[in-house]
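A structural walkthrough
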2 protein chains.
Amino acid sequence: MPDAEIIAIGSELLTPQRVDTNSLFLTEELNSLGVEVTTKCIVGDDRDRLADTVHRAVRRSQIVILSGGLGPTEDDVTRDAVAQAIGRKLVYHPEIAEKLEQRFLQMFRKMPEINRRQAFLVEGAEMLPNDRGTAPGQWIEQNGAWIILLPGPPHELKAMFQRQCMPRLERRVPKQYIETLVLRVAGMSESDLDQTIAPVYKKYENPVTTVLAHAGDIQVHLRARCSTAVEATALLAEVGGQIDLLLGDRIYSRNSDPLEVVVGELLKKHHSTVAVAESMTGGGLADRISSIPGSSQYFLGGVVTYTKDMKIALLGVPSEFQAVSREMAQAMATAVRLKMGATYGISITGNAGPTADEGDAPVGQVYVGVADASGATVAERQFLGDRPRIRAFTGQMALDLLRRHISKSF
Amino acid sequence: MPDAEIIAIGSELLTPQRVDTNSLFLTEELNSLGVEVTTKCIVGDDRDRLADTVHRAVRRSQIVILSGGLGPTEDDVTRDAVAQAIGRKLVYHPEIAEKLEQRFLQMFRKMPEINRRQAFLVEGAEMLPNDRGTAPGQWIEQNGAWIILLPGPPHELKAMFQRQCMPRLERRVPKQYIETLVLRVAGMSESDLDQTIAPVYKKYENPVTTVLAHAGDIQVHLRARCSTAVEATALLAEVGGQIDLLLGDRIYSRNSDPLEVVVGELLKKHHSTVAVAESMTGGGLADRISSIPGSSQYFLGGVVTYTKDMKIALLGVPSEFQAVSREMAQAMATAVRLKMGATYGISITGNAGPTADEGDAPVGQVYVGVADASGATVAERQFLGDRPRIRAFTGQMALDLLRRHISKSF
């Protein structure tokens, strides 16, 4: 089985503030082919040092992936360093320059002269088109090793790797079968979940089980590696089935879909719509729901009533209600549902901190309301953490309440 | 000035779930001495590969720091690999073994036989005591280079580095000062910005200039390294001043604050408030504004009118207006401002994709409106990219329009 090394380029990745996350994505993709990553390096914008690093990597690993340093400026040294490391020239490709010029024209702009640098490929390299940016990637073969140059911005790198590199690797790498099952769970703490399912997963060395937690959202990854696809699938079904039994409807997704997708699919299935009234999450819930392509089929919109006056003015809630209270959440959910003519209304009110004034609700106190034609129910929760974490927990809680509400109704 | 390389050891750091964070702490400490980190590597528990990596690092860098792989088990390979890399033997130190035995006795346990491995030092190494764990560190000098072996657990590594290594480094490293200036710019492409400021920053090797771009948000980092703090500050003022002149009011922040903080400060300063009406960004703009603690002082709220019907019902815009049009943006900004009683109203309408139906606006077409007491102005833009990117660009554009609008008004 071939090994891989990953080299990230950029002086900004050597500061105390930044980590390289592209390599996590690349590792996951490579692992899915059965390829292990044996070394990762981060090198600054220094041509000689990078050339030295590439030179060593190519001698000891079959697959060498570089990310970053393909931009148009002086400090983008990857093209030069790779050419130097493997003793080839850089070749100018007028057809790439022309494509770049067209891209700029589409934005009604003239291409800056320095972008011509991006039309240079290492001699013999295959060009990897970039749908999402100006820097083309490169695929180079050298003494049986594959050297892959990818742009640094994650959304460009991901698309290019998945569309251009994975098919090439799949054809070249001997087939192993790795199957992954991802169960996603809301409304449990990581340690509660682990205590619940550890008796099952500890019985198995294969699949490998990993539990990842993030603000009210837990992912259980089961990774089976077998010599046939049927074996891997059967093994996942055996272990996944036992975990499923223990967690029940706390599992919201069995295919790694996030909660906003699961809720969207439920709403579409039942020809229902939703509208939201948020205060403390400030638009974050609407943002999550509407981030999904096609969400206009079921998402009508929302109001962000960030002050109590706005709750009164926009939603007509009684002025004697406390801003953060059960009554307020109930009134907001009911009002936004009626006002927008939606099947469901969701409301969020609470205090995300960082402070609570005299008479305010304590930091982390949250009320979430869900209204439908038969009335509104409200759930209360007290979250710990800083402002972004409390906001994230609350959005997750609201979406999960809606999911359970819809599932119970049908 | 000496340079440093950091090598993290551990196969678990090569999985898709884990990043090495020890190196961020070490980088911050080293930077405070004026020492730059030029390369970071992560190597699995593989003795030969690690020895190769150390061998190369020692030849090119003055300071080489290794973290992890000092435990008692078979896969703790750091001691052996370093000895192999620099051609020395490992030497057993009975006094270290005795200390380890005492440590176990304090926990009422007998030391497992394998822990004796932790009593081996590279020949000639100075032992670095570990207050928080069993693995002692090592300080090795080789041909003028310093090789530092630290344990992997962050709380052990941090304490050992701060107490044992920093004092040694401070005595040996000539004193230097590093100051950083971060300028943030909106509304320019990375290449336009680089063409504009390269003539200035290319004249200087010190400070080092790095340009980072992310969806309509560009950061210019200037890092000065001088022998006194006053010199560093003066140098940044000299170079920063010239760049400032070229970019003018396209610079929105000179202290690394993000745009939502800058806009918030402007609104507070002028005792003004803002309300937003979004369609295509679906709450993302409100979410960004309200993510800032204390934003309730100036953010009244917003509406997310995700369908045209909602634009009509909530904002009372004329039904004959196209959903994505200049008139619509103007009407939405005016209406939300009046409805919420805000100083400023911002509106966003556009098509974030992924598709445009017959008669729809093309993907990436965006109108942003800003209304105040004297009326509303609208800006139009055509963005390229996928749905999240178009949404991010648009939010940035809207905040920057508001910033310029407020700055011009006073």
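**Here's the deal with the overall build of chain A**
Assigned secondary structure in chain A consists of twelve helices and 17 strands. Referenced to the eigenvectors of the C-alpha coordinate spread, the extents of chain A come out at roughly 75 × 60 × 40 Å. Out of the 410 residues in chain A, the part that is buried amounts to 48%. Long-range contacts, defined as pairs at least 24 residues apart, comprise 65% of the intrachain contacts of chain A with a sequence gap of at least 6.

**Focus: the interface of chain B and chain A**
Facing the 55 residues of chain B at the interface are 55 residues of chain A. Contributing elements (two or more residues each) for the side of chain B that touches chain A: helix 1 (22-32), strand 2 (36-43), helix 2 (47-60), helix 6 (190-201), strand 10 (208-214), helix 9 (284-290), strand 14 (299-305) and helix 12 (387-409) of chain B. Partitioned by chemical class, the residues of the side of chain B that touches chain A number 22 nonpolar, 22 polar and eleven charged. The pairing of strand 14 (residues 299-305) of chain A with strand 14 of chain B spans five bridges and is classified as antiparallel. Residue A:Val303 lies in a different strand from strand 14 of chain B, and its bridge partner there is B:Val303.

**Structural notes on helix 1 (residues 22-32) of chain A**
All names here are of chain A. Every buried residue of helix 1 is accounted for by Asn22, Ser23, Leu26, Thr27 and Leu30. When helix 1 is viewed along its axis, its buried side chains cluster within an angular range of 125 degrees and face the same direction. The inward-facing, buried residues of helix 1 contact strand 1 (3-9), strand 2 (36-43), strand 3 (63-67) and helix 5 (154-172). Gly34 sits one or two residues past helix 1 and shows a positive phi near 85 degrees.

**A short note on the packing of helix 2 of chain B against helix 3 (residues 78-86) of chain B**
Residues and elements named next belong to chain B. Orientation of helix 2 relative to helix 3, taken along the N-to-C sense of each, is 50 degrees, at an axis distance of 8 Å. Relative to helix 3, the element helix 2 is oriented oblique. Note on packing geometry: the crossing formed by helix 2 with helix 3 is right-handed. Mapping the contact onto sequence places Arg47, Leu50, Ala51, Val54, His55 and Val58 in helix 2 and Thr78, Asp80, Ala81, Val82, Gln84, Ala85 and Ile86 in helix 3. Here the contact of helix 2 with helix 3 is composed, by residue class, of eight nonpolar, three polar and two charged.

**Digging into the nonpolar core**
Core analysis: the biggest nonpolar cluster contains 138 residues, and A:Val274, A:Met332, A:Val336, A:Leu402, B:Val274, B:Met332 and B:Val336 have the highest contact counts within it. Among the elements that take part in this core, helix 12 (residues 387-409) of chain A stands out by supplying nine residues, more than any other. Once residues within four sequence positions are removed from consideration, A:Val274 is found in contact with A:Leu267, A:Tyr298, A:Phe299, A:Leu300, A:Ala342, A:Thr343, A:Tyr344, A:Ile346 and A:Leu402. Among the nonpolar cores identified, the runner-up in size contains 97 residues, and A:Ala81, A:Leu121, B:Leu50 and B:Val64 belong to it.

**Considering the sheet that holds strand 9 (residues 177-186) of chain B**
Residue and element names in this part refer to chain B. Spatially, four strands are ordered 10-11-9-12 in an open sheet, and the strand pairing comes out antiparallel. Both edges of this open sheet fall to strand 10 and strand 12 (251-253), since each of them pairs with a single strand only. Each neighbouring strand pair of the sheet contributes to a mean axis angle of 30 degrees, computed without reference to strand direction. Together, strand 9, strand 10 and strand 11 (217-226) form the strand contacts of helix 6, whose direction differs from that of strand 10 by roughly 170 degrees.

**Focus on the sheet that holds strand 16 (residues 365-372) of chain B**
Taken together, the ten strands give an open sheet; going across it, the order is 17(A)-16(A)-15(A)-13(A)-14(A)-14(B)-13(B)-15(B)-16(B)-17(B), and neighbouring strands pair in mixed fashion. Of all strands in the sheet, those with a lone pairing partner are strand 17 (375-382) of chain A together with strand 17 (375-382) of chain B, marking the two edges. The average undirected angle you get between the axes of adjacent strands in this sheet is 15 degrees. Bridge count between strand 15 (residues 344-350) of chain A and strand 16 (residues 365-372) of chain A: six bridges; the pairing is antiparallel.

**Some remarks on the environment of B:Pro151**
Residue and element names in this part refer to chain B. Mapping Pro151 onto the fold places it in the loop between strand 8 (145-150) and helix 5 (154-172). By C-beta crowding, Pro151 is classed as buried, having 26 other C-beta atoms within 10 Å. With 198 residues separating them in the primary sequence, Pro151 and Thr349 have C-alpha atoms 54 Å apart. Leave out the neighbours within four places in its chain, and Pro151 touches Leu70, Asn130, Gly133, Ala135, Gly137, Glu156, Leu157 and Met160.

**Some words on the domain arrangement of chain A**
The domain architecture assigned to chain A consists of domain 1 (3-172), domain 2 (177-253) and domain 3 (259-409). Computed over C-alpha atoms only, the centres of domain 1 of chain A and domain 2 of chain A are separated by 34 Å.

**Concerning the environment of B:Ala275**
Residues and elements named next belong to chain B. Take Ala275: it is sitting in strand 13 (residues 274-278). When the 29 C-beta atoms within 10 Å are taken as the criterion, Ala275 is described as buried. Each C-alpha atom of the pair Ala275 and Asp75 lies 59 Å from the other, and the pair is 200 residues apart in sequence. The contact partners of Ala275, leaving out residues within four places of it in the chain, are Leu300, Gly301, Gly302, Val336, Arg337, Met340, Ala342 and Gly345.

**Concerning the pairing of strand 3 of chain A**
All names here are of chain A. The element strand 3 is extensively covered by neighbouring structure, given that five of its five residues are classed as buried. Of the two faces of strand 3, the one lined by Ile63, Ile65 and Ser67 and the one lined by Val64 and Leu66 are each fully buried. Two strands pair when backbone bridges link them, and strand 1 and strand 3 are joined in this way by five bridges, in the parallel orientation. Residue pairing in the sheet places Ile6 in a bridge with Ile65 of strand 3. Across five bridges, the pairing between strand 3 and strand 8 (residues 145-150) is parallel. Bridge pairing in strand 8 links Ile63 to Trp146.

Scoring rules and cut-offs
Numbers given for residues are sequential positions, taken from 1 along each chain in its written order. The naming scheme follows written order: chains are lettered A onward, ligands numbered 1 onward. Local features are withheld for residues below a pLDDT of 70 in this predicted model, meaning they are given only at 70 or higher, and side-chain atom pairs are given and counted only at 80 or more; totals for whole chains, interfaces and linings count all residues. Each helix is a run of DSSP H or I of at least 4 residues and each strand a run of E of at least 2, with the numbering of both proceeding from the N terminus. The exposure label follows from counting other C-beta atoms within 10 Å of a residue's C-beta, where the C-beta atoms are placed from the backbone and the thresholds are 20 or more for buried and 12 or fewer for exposed, leaving partly exposed in between. Contact between residues is assigned whenever the C-beta positions, reconstructed from backbone atoms, fall within 7 Å. For this classification, Asp, Glu, Lys and Arg are treated as charged, while Ala, Val, Leu, Ile, Met, Phe, Trp, Tyr, Cys and Pro are nonpolar and the rest, including Gly, are polar. For two strands to be treated as a pair, DSSP must find no fewer than two bridges joining them. What the arc measures is the spread of directions leading from the helix axis to the C-beta atoms. Note on method: axes are straight lines fitted to C-alpha atoms, helices fitted across the in-contact stretch only, with angles between N-to-C directions ranging 0 to 180 degrees. Orientation is classified from the angle alone, with under 35 degrees giving roughly parallel, over 145 giving roughly antiparallel, 65 to 115 giving roughly perpendicular, and any other angle giving oblique. Whether a crossing is left-handed or right-handed is set by the direction in which the near helix is turned from the far one by less than a right angle, anticlockwise for left-handed and clockwise for right-handed. Joining buried Ala, Val, Leu, Ile, Met, Phe, Trp, Tyr and Cys residues through C-beta atoms within 7 Å gives a set, and that set is a nonpolar core. Domain segmentation is taken from an automatic or database assignment of domains.

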